[in-house]
Amino acid sequence: MSQFSDDRGAELREFFFETAQDLLQALNEEALKLEKKHPGDVETVRSIRRAVHTLKGDAAACGCAN
């Protein structure tokens, strides 16, 4: 799964899951904003894309594969 030592890999995965919770919460809030308050708002769409991109990059960095 990872090229890191077991200790370092576990530390990275723990950090990933902590930050992923924050990113997923932000994604949920932005999606609700887009759905209910401001459909088609470009900044909200950009915010969602940034969060997804960060989540994907962080997952790859800690050795999680899709």
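Below is a short write-up of the structure. A quick note: this is a predicted structure, and the numbers were derived from the prediction, not measured.

Cut-offs applied
Residues numbered from 1 in each chain as written. Predicted model: local features only at pLDDT ≥ 70, side-chain atom pairs only at ≥ 80, totals over all residues. Heavy atoms only, no water. Salt bridge = Lys/Arg side-chain N within 4 Å of Asp/Glu carboxyl O. Helix = DSSP H or I, 4+ residues; strand = E, 2+ residues; numbered from the N terminus. Buried < 20%, exposed > 50% of the residue type's maximum accessible area, 1.4 Å probe, protein only. Core = buried A, V, L, I, M, F, W, Y, C linked by side-chain atoms within 4.5 Å. Axes fitted to C-alpha atoms, helices over the stretch in contact; angles between N-to-C directions. Parallel < 35°, antiparallel > 145°, perpendicular 65-115°, else oblique. Left-handed = near helix turned anticlockwise from the far one by under 90°. Contact = heavy atoms within 4.5 Å. Nonpolar A, V, L, I, M, F, W, Y, C, P; charged D, E, K, R; others polar.

### A few points about the pattern of salt bridges
Inference 1: A full pass over the atoms with the stated rule returns three salt bridges.
Inference 2: Residues R46 and E43 are paired through a salt bridge, measuring 2.8 Å at the closest nitrogen-oxygen approach. Taken together, the positions of R46 and E43, both in helix α2 (residues 42-61) and three residues apart, correspond to about one turn of that helix.
Inference 3: Given a relative accessible area of 44%, R46 falls into the partly exposed group.

### Description of the nonpolar core
Inference 1: Counting residues in hydrophobic clusters, the biggest one holds 10 residues: L12, F16, A20, L23, L27, I48, A51, L55, A59 and C62.
Inference 2: Contributions of two or more residues to this core are made by α1 (6-37) and α2.

### Comments concerning the packing of α1 against α2
Inference 1: Two numbers describe how α1 lies on α2: the axes approach to 9 Å, and their chain directions differ by 165°. Here α1 lies roughly antiparallel to α2, going by the angle between them. The interaxial crossing formed by α1 with α2 has left-handed handedness. Between α1, through L12, F16, T19, A20, L23, L24, L27, E30, A31, K33 and L34, and α2, the contact on the second element is made entirely by T44, V45, S47, I48, A51, V52, T54, L55, D58, A59 and A61.
Inference 2: In the contact of α1 with α2, the residues fall into 15 nonpolar, four polar and three charged.

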